[in-house]
Amino acid sequence: MKVFVTGGTGFLGKVLCRRLIEEGHSVTVLTRSLKNRTSSHGITYVEGNPVYQGDWQQKTAGHNVIINLAGASIFCRWTAAKKQIIHDSRIRSTQNIVEALEKSEPEQVTLLNASAVGYYGFRGDEELDETAEPGHDFLAMFAREWEAEALAAEKLGTRVVLCRFGVILGGRGGALSKMLPGFKLGLGSPLGSGKQWFSWIAIDDLVNALLFLMEHPEISGPVNCTAPNPVTNMEMSKALGKALHKPVFLPPVPAFILKLVLGEMSSVVLKGQRVIPRNLLESGFTFKYNNIDEILKSIIK
């Protein structure tokens, strides 16, 4: 297949593109700058910013699959300006991709559009599959808008899959890279109550899931891209300490400190969601990493 990828130079995108090439697909990656980017080995780079309309939109024509991973990081203090960047980097990029599809042959295209488990809001211990209602906080409302923009492509005949990502665990970036330094020094500890749920997925499983969704045209709509066994923040902290052979003995970081440091964004780490990948499991997808100990041991090793 011919695959067009936005966000292809990021933490997930690099691993995904490498795997797509290994599987025999040809890949076009949208990048903001062609500096130090050389098209080779099945990857072609196209210059452009998905947040803005441009010539890059014409380059989407002729591709079988578009994978939209574009978006600024949410792991920062949410000032009004940062919220706008988070919003625009996803909403506008998705709008521009749908606009590009209108000018091609959209009925022959699959759009795999990134979303997030933040769609569900914060629901305590409730198990959340793809049928669960959305939440009402900033991330949930924003995710609803993001998904609605992607679903606009269905009117063109495009198959749309809304990939609701959990926290991605891998060895070269992502959330784990921010957690490791403290835990390596034996200074790791749970956050807040430690009872909040942590819905995670190994980066290898996420890449496999995206390839699986590409190859199964019967699947559309929302798909939770999370491991089958979410854990609490306390369990995650203990598993990381165990993988590093470091004790986790410090008291939990108080919620009020996290709120002072992170502001509104602290709710993401203090509350979380207990998400189950029902659609993937019922479609026959097999996870390589089912429990947190396995993936952390693999990454640390």
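For the structure itself, look to the data block above.
What comes next is a walk through the structure. Once a new chain begins, its residue numbering starts again from 1 and follows that chain's sequence as written. It should be noted that, the model being predicted, local features are given only for residues of pLDDT at least 70 and side-chain atom pairs only at 80 or more, the latter also being counted only at that level, while totals for whole chains, interfaces and linings use all residues. The side-chain values count all of the structure's non-hydrogen atoms but skip hydrogen atoms and water molecules.

**Structural notes on unusual backbone geometry**
If you check the backbone angles, histidine 245 has positive phi at about 60° while not being a glycine. Where helices and strands are cited, they refer to DSSP runs of H or I of at least four residues and of E of at least two residues respectively, numbered from the N terminus. As for its position among the elements, histidine 245 is in the loop between helix 6 (233–244) and helix 7 (255–262).

**Concerning the side chain of threonine 28**
Among the secondary structure elements, threonine 28 is positioned in strand 2 (residues 26–31). Contacts described as polar in this section are N or O atom pairs within 3.5 Å, which, within protein, must combine one atom able to donate a hydrogen with one able to accept it, while residues neighboring in sequence count only if both atoms come from side chains. Of the polar contacts made by the side chain of threonine 28, one reaches the side chain of histidine 63; its length is 2.9 Å. Contact partners of threonine 28, with chain neighbours within four places excluded, come to Val3, Phe4, Val5, Thr44, Val46 and His63. What makes two residues a contact is simply this: any of their non-hydrogen atoms within 4.5 Å.

**Describing the pairing of strand 4 (residues 65–68)**
Covered by surrounding structure in strand 4 are Val65 and Ile67 together with Ile66 and Asn68, the residues of both alternating faces. Across four bridges, the pairing between strand 1 (residues 2–6) and strand 4 is parallel. Looking across to strand 4, one finds that valine 5 is bridged to isoleucine 67. When DSSP finds two or more bridges between a pair of strands, those strands are recorded as paired. The sheet contact formed by strand 4 and strand 5 (residues 110–116) spans four bridges and is parallel. In the strand pairing of strand 5, isoleucine 66 is matched with leucine 111. Tracing the backbone out of strand 4, into helix 2 (residues 80–102) and back to the parallel element strand 5 gives a crossover that is right-handed. The rule is simple: take the accessible area with a 1.4 Å probe, protein chains only, and divide by the maximum for that residue type; under 20% is buried, over 50% is exposed, in between is partly exposed. The handedness rule is simple: strands pointing away from the viewer, and a clockwise path from the first strand over the helix to the second, make the crossover right-handed.

**Some details on helix 10 (residues 292–300)**
Taken together, the buried positions of helix 10 are occupied by Ile292, Ile295 and Leu296. One face of helix 10 carries all of its buried residues, which in axial projection span an arc of 95°. Where helix 10 begins, the capping side chain belongs to asparagine 291, and its oxygen is found 3.1 Å from the backbone nitrogen of aspartate 293. Summarising the geometry, the arc corresponds to the directions from the helix axis toward the C-beta atoms.

**Observations concerning the sheet that holds strand 4**
Spatially, 3-2-1-4-5-7-11 is the arrangement adopted by the seven strands of the open sheet, whose pairing is parallel. One side of each edge strand has no neighbouring strand; the edge strands of this open sheet are strand 3 (43–47) and strand 11 (221–225). Here the strands of the sheet are splayed against their neighbours by 20° on average, with no regard to which way each runs. Orientation is described by lines fitted to C-alpha atoms, with helices fitted over the stretch in contact, and by angles between N-to-C directions that extend from 0 to 180 degrees. Sheet contacts for helix 1 (residues 11–22): strand 1, strand 2, strand 3, strand 4 and strand 7 (159–165); angle to strand 2, the most-contacted strand, approximately 160°.

**Points about the packing of aromatic side chains**
In this analysis, rings of Phe, Tyr and Trp, with Trp reduced to its six-membered ring, are considered paired at centre separations within 6.5 Å, and the interplanar angle assigns stacked below 30 degrees, edge-to-face beyond 60, and tilted for intermediate values. For the structure on display, the rule yields seven aromatic pairs. With a centroid separation of 5.5 Å and an interplanar angle of 20°, the aromatic rings of phenylalanine 142 and tryptophan 146 are classed as stacked. Of this pair, phenylalanine 142 and tryptophan 146 both sit in helix 3 (residues 138–151), four residues apart, roughly one helical turn. Residue tryptophan 146 is classed as buried on the basis of its relative accessible area, which comes to 5%. In textbook terms, an aromatic cluster arises when at least three aromatic residues are bridged by ring pairs, as seen for Trp78, Phe138, Phe142 and Trp146. For a lysine, the NZ atom is tested; for an arginine, the CZ atom; a charge sits over a ring if that atom is within 6 Å of the ring centre and within 35 degrees of the ring normal. Here the guanidinium or amino end of lysine 83 rests over the ring plane of phenylalanine 138, the centre of that ring lying 4.7 Å away. The ring of tyrosine 119 is capped by arginine 164, whose NZ or CZ atom sits 3.7 Å from the centre of that ring.

Structural measurements only, silent on function.
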